[in-house]
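Listed below, chain by chain, are the residues.
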Amino acid sequence: MYLYALALVRISGKQGLGQLTAMDFVVILIIGDLFDDVFWAKVPIAQGVVAFAVIVLLHLLTTFASSRSISFYRLVTSPERLVIEDGKLVLKNLAREWMHPETLQSDLRIRGEEHLREIKEAWIETKGKLSVIKARASKPVQKKDKHLFG
Amino acid sequence: MDVTELMYTALRASFVYLFLLIVVRLLGKREIGATSAFDLVVALILGEVVDEIIYGDVIILQGVIAIVVVALWHLVNSWASFKSEFIDKLTGAPPTVVVKNGQIQRKNLSKERFNEQELFSELRLMGVDNVKEVKQATLEPSGTVSVLLEDWAKPVQRQDLTETKPRGQKKKASTNGKS
């Protein structure tokens, strides 16, 4: 059963655990739970194998379809939302996410961001994570900025 | 184990997958997954319920009701925490400041059952080896430690070079204050 799981996980793709969508996460939990019943011989192995294969297959189909069709992707995932624009909170979108400004502040601190004014855009991405694009003046100095040193 | 039973297993598994796809979609992207410990527990409950459905240990309707009820309560909970400050305080821990202006806040640390070694470990993970560089470190509700650096310890930004103030003032103080 372990080897079977290894094989299925292998063919289902190579994304690491940091790249999970909510559905990936739930699928992993389902798979884990399908297992123990086989271990304790509560269900025959054949039934476990079928259940397992069907879940993995459907998940592969869903992810394949979302990679090919944007409209299908939009159907099965929540859209990303802009929560900071040019240093200002976009309260409307925060409310849509049922997110308190304090929660956003907490996420910003985790990213090391202290001042809203230094942020050009921040998004709650589809995977639920916060992305931050810094304002031009607050971007780190790059090699191309050598002229600024005078 | 005859073939029809296997077919039913496949059918139930397909149904469960599609049903969960809808439930997860409706729950939204921040409601499930690794955002908070409780979201994780809800995801585990949902996952735990479905294997019984797939193997036919409980009838589908019963499983569907269990999933819908758990998902619904989770939605009500996040909605209520957003709408009411009281419920928010009741269900979620507020952030705790553990370093303020380079000073370790020992009282807050012990309140969170967090020791100095763990704090230093968290700071090192952020590339900080000197607590003096920390303006504020906070144990956030999500369980992560956030670190805000003192102005002089921040990396140089474009505006630091274009502003007219004497150069070097905001630059990283590389050697002073080394422990």
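Conventions used here
- Residues numbered from 1 in each chain as written.
- Chains lettered and ligands numbered in written order.
- Predicted model: local features only at pLDDT ≥ 70, side-chain atom pairs only at ≥ 80, totals over all residues.
- Helix = DSSP H or I, 4+ residues; strand = E, 2+ residues; numbered from the N terminus.
- Rg over C-alpha atoms; globule rule 2.2 N^0.38 Å.
- Buried ≥ 20, exposed ≤ 12 C-beta atoms within 10 Å, placed from the backbone.
- Contact = placed C-beta atoms within 7 Å.
- pLDDT = per-residue confidence, 0-100.
- Domains from an automatic or database assignment.
- Expected span 1.5 Å × (residues − 1).
- Nonpolar A, V, L, I, M, F, W, Y, C, P; charged D, E, K, R; others polar.
- Axes fitted to C-alpha atoms, helices over the stretch in contact; angles between N-to-C directions.
- Parallel < 35°, antiparallel > 145°, perpendicular 65-115°, else oblique.
- Pairing = 2+ DSSP bridges.

Here we come to the overall build of chain A. Per the secondary structure count, chain A includes six helices and four strands. Counting from the amino terminus, helix and strand elements in chain A follow one another as α-α-α-α-β-β-α-α-β-β. Over its C-alpha atoms chain A spans a radius of gyration of 22 Å, topping by over 25% the 15 Å that the globule rule assigns to 150 residues. Overall size of chain A, expressed as C-alpha extent along the three principal axes, is 70 × 40 × 30 Å. Counting the 150 residues in chain A, one finds 25% classified as buried. Within chain A, counting contacts between residues at least 6 apart in sequence, those at least 24 apart form 44% of the total.

So, about the environment of A:Leu82. All names here are of chain A. Relative to the elements of secondary structure, Leu82 occurs in strand β1 (residues 81-85). Along the primary structure Leu82 and Ser131 are separated by 49 residues, whereas in three dimensions their C-alpha atoms are 9.5 Å apart. With sequence-adjacent residues up to four places away left out, Leu82 is seen in contact with Val90, Asn93, Glu121 and Trp123.

Moving on: the confidence of the model for chain A. Low-pLDDT stretches of the model should not have their predicted coordinates read in fine detail. Averaged over every residue, the pLDDT of chain A is 85; the share at 70 or more is 91%. Across chain A, strand β2 (residues 88-89) of chain A holds the top mean pLDDT of 96, while helix α1 (residues 2-11) of chain A sits lowest at 70.

Before going further, it helps to spend a moment on the domain arrangement of chain A. Once the domains are mapped, chain A shows domain 1 (2-11 + 21-76) and domain 2 (81-135). Just the C-alpha atoms count here: the centres of domain 1 of chain A and domain 2 of chain A sit 33 Å apart.

Taking 1.5 Å as the rise per residue, helix α3 (residues 60-83) of chain B with 24 residues should run 34 Å; its terminal C-alpha atoms sit 34 Å apart, in good agreement. Looking at the buried residues of α3(B), the elements they touch are α1 (3-27) and α2 (37-54) of chain B.

Listed by partner, the interface residues are 47 residues for chain B and 43 residues for chain A. Put simply, the parts of the chain that give the side of chain B that touches chain A at least two residues each are α1, α2, α3, β4 (145-149) and α7 (158-162) of chain B. Top element by residues in the side of chain B that touches chain A is α1(B). It accounts for 11 residues. Counted by class, the side of chain B that touches chain A contains 24 nonpolar, 14 polar and nine charged residues.

Residue and element names in this part refer to chain A. Interhelical geometry of helix α2 (residues 22-39) versus helix α3 (residues 45-68) gives an angle of 175° and a closest axis separation of 9 Å. Relative to α3, the element α2 is oriented roughly antiparallel. Contacts between α2 and α3 involve Val27, Ile30, Ile31, Leu34, Asp37 and Val38 from the first element and Ile45, Gly48, Ala51, Phe52, Ile55 and His59 from the second. For the contact of α2 with α3, a count of residues per class yields nine nonpolar, two polar and one charged.

Spatial strand order, β2-β1-β3-β4 (chain B): four strands in an open sheet with antiparallel pairing. Two strands in the sheet have a free side with no partner beyond their single neighbour: β2 (103-104) and β4 of chain B.

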